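# Understanding the architecture of this molecule
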Amino acid sequence: MVNSRTTNIPLWVRIAPALTIAVLVGPVIAGLAGIALPAVGFAPLGGSSAFTLSAFARVTAEPGFFTSLWLAFWIGPVSALISLTLVTGFAAAAAGTRSFAFVAGLLRPVLALPHAAAAFGLVYLVSPSGFLLRLVSPELTGFSRPPDWLIVNDPMGLALLAGLVLKEAPYLFLALTSALQQADPRRADIARALGHSRMAAWLHGVFPAVYAQMRLPIMAVIVFSSSVVDMAMILGPATPPLLSLRILGWINDPDFSQKSLAAAALVFQLGASGAGLVVWLAGERLVSGMARRLAVSGIRLPGLPGVSMLARSGLVVVALVVLAGIGLVAVNSVAGIWRFPDALPRGLNLTVWAERAPELMNLTANTVLIGGLASLTALIAVMLCLENEYRSGITLSPRAKLVLYAPLLVPQIGFLPGLTVLLLRLGWDGSLLPVAFAHLVFVLPYTYLMLADPWNAFDTRYLDTARALGRSPDAALLTIRLPMLVGPILVAFALGFAVSVAQYLPTLLIGGGRVPTITTEAVALSSGGNRRLIGAYALVQSLLPFLGFALAAAVPALLWRDRRALRSGGVV
Amino acid sequence: MNEGLRIDRLTVYRQGRTLVCLDADIAPGEVLSVMGPSGVGKSSLVRAIGGFLSPGFATSGAVRLGGRDISALPPERRHIGVLFQDSLLFPHFSVSENILFALPPGGSRRDRCRRVAELLAPVGLKDLLDRDPATLSGGQQARVALMRVIAAAPRALLLDEPFSKLDADLRASVRSFVFDIVRERQLPTLLVTHDRADAEAAGGRVVELEAR
Amino acid sequence: MPRIPVLAAVLALGLSASAPSAADPDPANWPSVLAAARGETVYFNAWGGSENINDYIAWAGGEVERRYGVALEHVRLSETADAVNRVLSEKQAGRIEGGAVDLIWINGENFAAMKRAGLLLPEAWADTLPNYALADTEGKPTLLTDFTTPVCGRESPWGTAQLTFYYDSAELSAPPEDIAALGRWIAENPGRFTYAAPPNFIGTTFLKQLAYGLFDDPSVLSKSADPEKFGAITAPLWAFLDKVHPDLWRSGRVFAADTTQLKTLFGDREIDIAMTFNPGEASSAIHDGLVPDTVRSFVMDYGTIGNAHFLAIPFNASAKAGAMVVANFLLSPEAQVKKADEAVWGDPTVLAYEKLAPEDQALFDALDNGPATLGPDALGKALSEPDPSWTEMLEAEWQRRYVGG
């Protein structure tokens, strides 16, 4: 018996998975070891007592510590629950209808938006001196000056929660649509034929399979929210702030003894994020049990038009709020004097743009270089991994997928400080390349997740045909698979680029402040509240990923303008 | 010297269990039809002979072409043409580029283009040269796909249910188009099908595979 | 006792790496410093929250490039502590040269911390810079003692500051000039006053300002704070804050981040009184069109906190000579007069007028202070910075009381 091994797989394809896994997991382990193992000579946060029990006692005695910790615990699952409800409700009410495609189109630019820019947009829309209140003032409200309302930075964290939902819902919607492509919509039809309402039919028939594919993205969202930094700076409470922000503060405190607080707090952060996941998984079990009981009970839930309308509009509101926010960011960047309660600025000028042009160009160059480097490297690595999977016939197990998600399932603030010190020791810090490497860690998973489906869905009989026509596996890859997949490849590249552009903490820590990007500078400006300046920076920050996606759509359309099957950049 | 395709007790295993086996001699210009219900391993048989069985499968026995054992060779060196259910014309190439892709290397660009025209003219496809494959009708696609296989100058042909997706009225004409070319070029051909009409039209021997 | 091992570690590190590097440039031999500096790139780590200041630093960068061939890169910090922390990390990682930070804008506790931990250039250098001869060391004692820490030539003076409040005279006829009046005004105008959250420097300074006005015996502030008596001594301060907080902007649940946000809130008319460490800030904001030209400054009748800010070079800076050239240029009459110009920044000079050459004196004479800038008399006496121990304890207690939420 001869085992089928069509040809020997070249080394450069074979080692790709090992290298990729090393990049995904290595920094996480190294960073965590940096905190947990001061005994072996790592003292990442300063001082040899970074990990003593007394530090735990001290950190818990910090004013408001448990308030910060509590917020870090609940905001993850709650923001994920709201986002998931919005997305699921919409899909249940609108799957297969024209409004589904419309909303998908509306959410696409929102998806590309960096967190910081979305947060600024929300501030300009809903804060007491924001656009909504200006629209109705003083006519309806009688306000001639901004009211003293605590909307943004509220101690409960509701503004932060809203900001997170604005970014997470589009992301989960993307996860849902890609899962939906593999689900059979006829299952909902069958449930309807059995007498269930439209929404109930979708929830019973389609959602369970779709949800199984959304679990990891949801878990990533929970961890991210529980430890977010940039959005918490702009929208989060101040007295006390989210735990991640306090950790950053302790790391940066000139009183060096505070660093042991940071190390201890990091452990609590990991615990809070982990507890958020556990709660989610428990809730998952509870809900699926209840749904099963409801399903077998035979009860048919009536379709209420109000519920359906509500479910349909939720996501639309999310998209509109984000888009309006970005519009306000843009207007702010060219606004002249714009005092409350004027709804519109008294004049428009390009002063900020003209003054800041050289600097914005520099920052854009840095951002594009880092993003290009990280996403191109990620793209090549992912393509080699996927090709290796195809040639060796070994596909990713669910467990391996967990590895892929590793950098997204550990809070950034949890392992980046340790990684920073490690890189510092290796003398590899404070320049563009290490920052691009740190970005690569976060770009890789998204690139993989984006490209894996179209890559695996590719009809490999095209490759067989090319082989039968005398082409080697490498030639078939280069002449057939890559050109045909150029659309999805570019979309994966654009997504990787968008992820890189949005990175705040890795750029700040690994770059040591010497590698400014449009994102670090935009966030740095946030405290000052100079709206014109923030507007210009946040707009550039939003445009960069958007241009990436626009390019990813334009190139296949142009390249294959005479090839109908490929013109849309769609998956073959 | 035997110029045909010899399938020498070829057995395909999956996870250590026998999936399908075949022992047959196919003479030049002969079409051997292999029939059987779906799931019996017909496609795996085609993939084993063509050389692109997925990892996870194993084989024993041999495939000989012109007396030479080719079973250890990668597909690109077997010189066996394959036609699948779908035409699988490369969507990013024009019709002539699809054929040019298949032509053996060598010759100037102009020379190669002339050869493509010579190949397509006798079968009435010359007008389609610059077309986008996606704009061709089903019948046209099937014909171009066959001529693409022929352009690579194969020494044997594998047909994996190539007519099953065609409309009934189109099926007969494409079928005769294919079998005419097979006979004209004297290619030993293995046809895998579940449609008895295909096998009858092929006019050769019929092997029935049975479900295990 | 977690503090002791940390301190010990820092000290041990300090000992191991404090041997002066033979290659450190010597400012007494200025031509050799200039020669060494040419072609260097100086990473200047400075707070980047104010556009006026950023623009001024950019101007200085152009000048030192043109004159001395030194490239200046402004690393914009949100907190100076970021840079201090960076240098500390490098020291712990054993990087004794080639550091990321060449020059830091610094004062007070950050300077004290760096000095204590051996993170600064080990030799005195600032007092031998050519332009240091013009510094007003007699008239401005804060140039020699930074928050009670002796400067000892380890940082070069850059500017002075004095806590100043501003208001719109069109809306408010008589601003509250003592603490009792301020308390009454806040109670009568709820939501119209706030300060920055300590440990932001302006917030901490406001606490110290209140301490001077509320403590029974403010003289304790010049001595190290006694933890035993801290509660009793500071009780009037917390009583005052407890009373006014509910009437602050956002009911005291949110505070401003820094002086720039205070200025923005004032410009948006969310608050009626703002504070700054830069006596020229209000005029500068009028000049920029951010606030109406009816805005005026005021100080407390018992004086306000004043201090100086400096430039320091880390022990492992990559471009030490370049950093010295930049520090010396920023101390030059030309750079100082531009800095004092309210159309640019409005930060008061550290130079002594009488030490300047006549043509440089003329430059300062030509400065046109805006309507909101107080003259030296109106600015009143500068209260000196309390001992750094007070900073730490006031900040910690404030956190304990008001951050807990």
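Computed from a predicted structure; not experimentally measured. (Residues numbered from 1 in each chain as written. Chains lettered and ligands numbered in written order. Predicted model: local features only at pLDDT ≥ 70, side-chain atom pairs only at ≥ 80, totals over all residues. Heavy atoms only, no water.)

## Some remarks on the interface of chain A and chain B
Filter applied, for reference: By the convention used here, residues are in contact when the closest approach between their heavy atoms is within 4.5 Å. For this document, the term salt bridge refers to a Lys or Arg side-chain nitrogen within 4 Å of an Asp or Glu carboxyl oxygen. Secondary structure follows DSSP: runs of H or I at least 4 residues long count as helices, runs of E at least 2 residues long count as strands, and numbering of each begins at the N terminus. By the convention adopted, Pro, Cys, Tyr, Trp, Phe, Met, Ile, Leu, Val and Ala count as nonpolar, Lys, Arg, Asp and Glu as charged, and the other residues, Gly among them, as polar.
Counting residues at the interface gives 32 residues for chain A, matched by 35 residues for chain B. Our count for the chain A to chain B interface comes out at four salt bridges. R461 of chain A is the partner of D86 of chain B in a salt bridge, and the nearest nitrogen-oxygen pair spans 2.5 Å. Secondary structure elements with two or more residues in the side of chain A that touches chain B: β1 (2-3), α16 (351-392), α21 (461-468) and α22 (473-484) of chain A. With seven residues, the single largest contributor to the side of chain A that touches chain B is α21 of chain A. In terms of residue class, the side of chain A that touches chain B is built from 13 nonpolar, ten polar and nine charged.

## A look at empty space enclosed by the protein
The test is simple: A cavity here means a set of points on a 1 Å grid, drawn over the protein atoms and nothing else, where a 1.4 Å probe fits but cannot get out; a pocket is an open set with protein on both sides within 12 Å along at least five of seven lines, and a residue lines either one if it has an atom within 4 Å of a point. Grid points are joined across faces, edges and corners, and a volume is the space filled by probe spheres set on the points.
Applying the stated rule across the entire model yields five cavities of 30 Å³ or more. Looking at the largest cavity, its volume works out to about 650 Å³. Taken together, 30 residues form the lining of the largest cavity, with H115, F224, Y446, V499 and Q503 of chain A sitting closest to its centre. Within the residue set of the lining of the largest cavity, elements represented by two or more residues are α5 (98-112), α8 (158-180), α11 (207-226), α18 (406-409), α20 (432-457) and α23 (486-502) of chain A. Residue composition of the lining of the largest cavity, by class: 23 nonpolar, four polar and three charged. One number sums up the size of the second largest cavity: a volume of about 60 Å³. As for the second largest cavity, its lining consists of E359, E521, A524, L525 and Y537 of chain A together with G48, G49, E51, N54 and R76 of chain C. When contributions to the lining of the second largest cavity are tallied by element, the ones reaching two or more residues are α25 (518-526) of chain A together with α3 (51-68) of chain C.

## Observations regarding the domain arrangement of chain C
All names here are of chain C. Keep this limit in mind: Residue ranges labeled as domains rest on an automatic or database domain assignment. By definition, the buried area sums, over both parts, the 1.4 Å-probe accessible area that each loses when the two are put together.
Domain assignment breaks chain C into domain 1 (6-159 + 308-371) and domain 2 (164-306 + 383-402). Computed over C-alpha atoms, the centres of domain 1 and domain 2 are 28 Å apart. Contacts between the two partners involve 18 residues from domain 1 and, on the opposite side, 21 residues from domain 2. Summing the contributions of domain 1 and of domain 2, the shared interface buries around 1500 Å²; its carbon and sulfur component is 51%.

## Focus: the interface of chain C and chain A
Defined as follows: In the analysis that follows, any N or O atom pair within 3.5 Å is treated as a polar contact, provided that within protein one partner can donate a hydrogen and the other can accept it, and provided that, for residues neighboring in sequence, both atoms belong to side chains.
Taken together, the contact between chain C and chain A spans 60 residues of the former and 59 residues of the latter. Linking chain C to chain A there are seven salt bridges. The partner of R356 of chain A in a salt bridge is E51 of chain C, and the shortest N-O contact between them spans 2.9 Å. Inspection of the region where chain C meets chain A yields ten residue pairs in polar contact (both at pLDDT 80 or more). Those elements that place two or more of their residues in the side of chain C that touches chain A are α1 (3-17), α3, β2 (71-77), α4 (80-92), α5 (108-116), α9 (259-267) and α15 (388-402) of chain C. Among the elements that take part in the side of chain C that touches chain A, α4 of chain C stands out by supplying nine residues, more than any other. Partitioned by chemical class, the residues of the side of chain C that touches chain A number 26 nonpolar, 15 polar and 19 charged.

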